[in-house]
Amino acid sequence: MALLSVHNLVLRFGGPPLLDDVSFDIEFGERVCLVGRNGEGKSTLLKILAGEMGVQSGEVIRKNGIRIARLIQEIPDHLEGTVRDIVIGNDSHERQSAGESILGKTGLDGDAIYDKLSGGQKRRVLIAKVLATEPDLLLLDEPTNHLDIPSIQWLEGILSRLSSAILFISHDRAFVRKLAGRILEIDRGRVRSWNFSYDKFVAFRDAELENEATLSKLFDKKLAIEETWIRQGIKARRTRNEGRVRALKSMREERANRRVRTGNVNMQITEADRSGRMVARATDISFAYDDKQLVSNFSVEISRGDRVGIVGVNGCGKTTLLRLILGQLTPDTGDVSLGTNLQIAYFDQMRTSLKEDKTLLENIGDGQAWVEINGEKRHILSYLQDFLFSPDRARGPISALSGGERNRLLLACLFSHPSNVLVLDEPTNDLDMETLDLLADLIAEYKGTVLVVSHDRAFLDTIASYVLAVEGPGEVYESIGGYSDYEISRREREKRATQKQSTTKDDKKNEDALPPVKKKLGYKEQREYEALPKLIESLEAKIVAIQALLATDEVYLNPTKLVPAQKDLAQADAALMAAYERYEALDTLKR
């Protein structure tokens, strides 16, 4: 017997059913991802499975004694008590023991007051709360929202070792690839099971959608022929043609009942005249807040066309770094210079730029009925339909919007104003994967400069030409490429640091054991020492040449040429630094 079985569920709120004759099973220990466009009913389905919501018809059969726990998408603004109170509650002794165990794995202080925690910390508490119940079936609605990358990786480790069955919703492609062994897709009211990993599911689904589109075109063509025939009049109504008339009526009914797949967002960014070559330059900047050093002696130059990803744990100062670079905060020490003709569009992760007491129309138009998008005048209703908002929805209050709809609205507001610098602070939360793909494509085509704060590893791999990682108190590291490239470089640095510590300890032991000996250069070292100045000179010339290449429009405006050139520059810089260090070491021995 399955852990949970769904039979012929139907749920309708008016209009086409949100769930239309839905059936599927969840087996013991399965890890299943529920995917679908925003508004298809994913969160609603989880509520039904948890027994928190009813349906018009159908049933959910749960195994006797099953324990189900659901993590909601939203983070409550207020919960009474400490972290321990919320995670453990008033459960039995066994549950309290499990709660203490999972609490120890969160890295949080059990005596901390929930209301004083950050959004990411609150999310960890809520995850620990559902895990502490030791459920047989765990229902997770966007569990990675508000979590930083180390926390997401922590969650991946916890869930991969869990014996519970897991049904989860997530827009984080890397998270889905790590966990999901099966995909449930909800599309136009129906749910279909795909016994594949995520990437294989995408390939099969896309092929099936293409085949569906072909069959629909053939059907519509045949229907048009039959409609032309029926309009001929009396011939169509003769007795010998009654079968054809009945077939036409059936075709009309089939066409009327066809549900069209939700369209894609049709986004385009309104681009301003291009900025100067230099967008922002920070020189030896430092900044502290409440005695916490967030940035220390950091320098960076951002040039037109760069795509910069900013990563780091929650509370480390990513948004602060962003604001310092943009000149919105004054550093305690150091200088920040901004380039010329900058027009900045800012996506705020807290969505504070949205006016809660206004309709969607009023948020976009601010009293105007038209917007101008790249020289084309568009009515606001038409423009909002590009972002999948119907006219009725557009005239309603934004307080009724879901998280994904709010993000789409904020993107619509953002892209309606001309810009040449696009700043996106956590843009991926709550957006479905199709919209994320379109956003990534849009960023690739954008001729301006892009700065993105994100915890979505797959998204950063797609869009970033280099990463600024806030790694520790005041420490910012720059890495060429996307997030995966940064992870590789970070692990290599950690490995070198460990080896260096080990070597230093061994050297110290040897020094203590042996009498001091005067060190001299050997023949090979002497030759190396003499050759290093020419090597350093050639590397410096190479760096100057690459920098000149990067300054050309042909490279700066072409990501396929820009990223390799930046990687060459990083390698040359590293080689030059190594040559300097080697020269200094040999020079010390020579003396």
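Structure: above.
Calculation rules
Residues numbered from 1 in each chain as written. Predicted model: local features only at pLDDT ≥ 70, side-chain atom pairs only at ≥ 80, totals over all residues. Heavy atoms only, no water. Helix = DSSP H or I, 4+ residues; strand = E, 2+ residues; numbered from the N terminus. Buried < 20%, exposed > 50% of the residue type's maximum accessible area, 1.4 Å probe, protein only. Contact = heavy atoms within 4.5 Å. Areas by Shrake-Rupley, 256 points an atom, 1.4 Å probe, with all protein chains shown as cover. Lys, Arg positive; Asp, Glu negative; His and termini not counted. Charge placed at Lys NZ, Arg CZ, Asp CG, Glu CD. Pairing = 2+ DSSP bridges. Axes fitted to C-alpha atoms, helices over the stretch in contact; angles between N-to-C directions. Parallel < 35°, antiparallel > 145°, perpendicular 65-115°, else oblique. Left-handed = near helix turned anticlockwise from the far one by under 90°. Salt bridge = Lys/Arg side-chain N within 4 Å of Asp/Glu carboxyl O. Nonpolar A, V, L, I, M, F, W, Y, C, P; charged D, E, K, R; others polar. Phe/Tyr/Trp six-rings, centres within 6.5 Å; stacked < 30°, edge-to-face > 60°. Lys NZ or Arg CZ within 6 Å of the ring centre and 35° of its normal.

1. Looking at the overall build of the chain
Phase 1: In terms of regular secondary structure, the chain is built from 19 helices and 20 strands.
Phase 2: Taken over the C-alpha atoms alone, the chain extends approximately 115 × 65 × 50 Å along its principal axes.
Phase 3: Taking all 591 residues of the chain together, the buried fraction comes to 47%.
Phase 4: Within the chain, contacts between residues separated by at least 24 positions form 68% of all contacts whose residues are at least 6 apart in sequence.
Phase 5: For the chain, the computed accessible surface area is about 30400 Å², with 49% contributed by carbon and sulfur atoms.
Phase 6: The average position of the 83 basic charges and that of the 90 acidic charges among the side chains of the chain differ by 6 Å.

2. Topic: the pairing of strand β8 (residues 182–187)
Phase 1: For β8, the buried fraction is high: six of the six residues fall into the buried class.
Phase 2: Both faces of β8 are covered, namely the face carrying Arg182, Leu184 and Ile186 and the face carrying Ile183, Glu185 and Asp187.
Phase 3: Pairing of β8 with strand β9 (residues 190–194) involves five bridges; the strand directions are antiparallel. In the strand pairing of β9, Ile183 is matched with Trp194.
Phase 4: The turn joining β8 and β9, which pair antiparallel and follow one another in sequence, is formed by two residues; a positive phi near 55° is taken by Arg188.

3. Some points on the sheet that holds strand β10 (residues 278–289)
Phase 1: Strand order in the open sheet formed by three strands is β11-β10-β13, with antiparallel pairing between adjacent strands. Only two strands of the sheet have a single neighbouring strand rather than two, namely β11 (292–303) and β13 (333–338). The sheet shows a mean angle of 15° between the axes of neighbouring strands, direction not considered.
Phase 2: Across eight bridges, β10 lies against β11 in antiparallel orientation. Residue pairing across strands places Ala280 opposite Ile302, the latter belonging to β11.
Phase 3: Sheet strands touched by helix α9 (residues 318–325): β10, β11 and β13. Its angle to β11, the strand with the most contacts, is close to 50°.

4. Considering the packing of helix α7 (residues 198–230) against helix α8 (residues 242–257)
Phase 1: Taken N-terminus to C-terminus, the directions of α7 and α8 make an angle of 135°; their axes are 10 Å apart at the nearest point. One way to sum up the angle between α7 and α8 is to call them oblique. Relative to α8, α7 is oriented so that their crossing is left-handed. Each of Phe219, Asp220, Lys222, Leu223, Glu226, Glu227, Trp229 and Ile230 in α7 lies in contact with α8, whose residues at this interface are Arg244, Val245, Leu248, Met251, Arg252, Glu254 and Arg255.

5. Re the side chain of Thr428
Phase 1: Structurally, Thr428 can be placed in the loop between β17 (421–425) and α14 (433–445).
Phase 2: With sequence-adjacent residues up to four places away left out, Thr428 is seen in contact with His171, Asn407, Leu436, Ser454, Asp456 and Phe459.

6. Digging into the pairing of strand β1 (residues 4–11)
Phase 1: With six of eight residues buried, β1 is to be regarded as a mostly interior element.
Phase 2: With five bridges joining them, β1 and strand β4 (residues 57–62) adopt antiparallel strand pairing. Note on β4: the bridge partner recorded for Val6 is Val60.
Phase 3: The sheet contact formed by β1 and strand β2 (residues 19–26) spans six bridges and is antiparallel. Across the sheet, Val10 pairs through a bridge with Asp20, a residue of β2.

7. A word on the environment of Ser197
Phase 1: With respect to the helices and strands, the residue Ser197 is situated in the loop between β9 and α7.
Phase 2: For Ser197, a relative accessible area of 40% puts it in the partly exposed group.
Phase 3: Along the backbone, Ser197 and Ile543 are 346 residues apart, and their C-alpha atoms lie at a distance of 44 Å.

8. Digging into the pattern of salt bridges
Phase 1: Taken as a whole and assessed by the stated rule, the structure comprises 27 salt bridges.
Phase 2: Where Glu100 meets Arg84, a salt bridge forms, and the shortest distance between an N and an O atom there is 3.0 Å. Here Glu100, found in helix α3 (residues 93–106), pairs with Arg84, found in helix α2 (residues 83–88); they are 16 residues apart in sequence, far enough to count as distant.
Phase 3: Residue Glu100 is classed as partly exposed on the basis of its relative accessible area, which comes to 37%.

9. Remarks on the packing of helix α4 (residues 119–132) against helix α5 (residues 149–160)
Phase 1: For the pair α4 and α5, interaxial distance at closest approach is 12 Å and the crossing angle is 5°. By the angle class used here, α4 and α5 are roughly parallel. Contact residues: Arg124, Ile127 and Leu131 in α4; Pro150, Ser151, Trp154, Leu155, Ile158 and Leu159 in α5.
Phase 2: Across the contact of α4 with α5, the residue classes tally to seven nonpolar, one polar and one charged.

10. As for unusual backbone geometry
Phase 1: Positive phi values are uncommon outside glycine, yet Asn8 reaches one of about 55°.
Phase 2: Structurally, the position occupied by Asn8 is in strand β1.
Phase 3: In this structure Asn8 comes out as partly exposed when scored by relative accessible area, which is 40%.
Phase 4: With phi around 65°, Asp291 is a residue other than glycine that occupies positive phi space.
Phase 5: The residue Asp291 is located in the loop between β10 and β11 in this model.
Phase 6: The class for Asp291 is exposed, based on a relative accessible area of 84%.

11. Digging into the sheet that holds β4
Phase 1: Strand order in the open sheet formed by three strands is β2-β1-β4, with antiparallel pairing between adjacent strands. Of all the strands in the sheet, just β2 and β4 have a single pairing partner and so form its edges. Here the average twist between neighbouring strands, direction ignored, is 10°.
Phase 2: Helix α1 (residues 42–49) rests against β1, β2 and β4 of the sheet, and its axis sits at about 125° to β1.

12. Let's talk about the packing of aromatic side chains
Phase 1: Under the counting rule described, the total for this entry stands at eight aromatic pairs.
Phase 2: Look at Trp194 and Phe196: their rings are 6.4 Å apart centre to centre, the planes differ by 50°, and that puts the pair in the tilted class.
Phase 3: On the basis of relative accessible area, Trp194 is assigned to the buried category, the value being 5%.
Phase 4: With centroids separated by 5.3 Å and ring planes inclined at 65°, the aromatic side chains of Tyr383 and Phe387 adopt a geometry described as edge-to-face. With respect to burial, Tyr383 and Phe387 carry one shared label: buried.
Phase 5: Taken together, the aromatic side chains of Trp194, Phe196, Tyr198, Phe201 and Phe204 make up a single cluster linked through ring pairs.
Phase 6: Seen from the ring of Trp370, Lys377 lies directly overhead, with NZ or CZ sitting 5.2 Å from the centre.
Phase 7: Against the face of Phe389 rests Arg408, its NZ or CZ located 5.0 Å from the ring centre.

13. Some details on the side chain of Arg408
Phase 1: Tracing the chain through its elements places Arg408 in helix α13 (residues 403–415).
Phase 2: Despite being buried, Arg408 has no salt bridge partner; Glu405 is the closest side chain of opposite charge, sitting 4.4 Å away.
Phase 3: In this structure Arg408 touches Asn38, Val265, Phe387, Leu388, Phe389 and Leu431, once residues within four positions along its chain are discounted.

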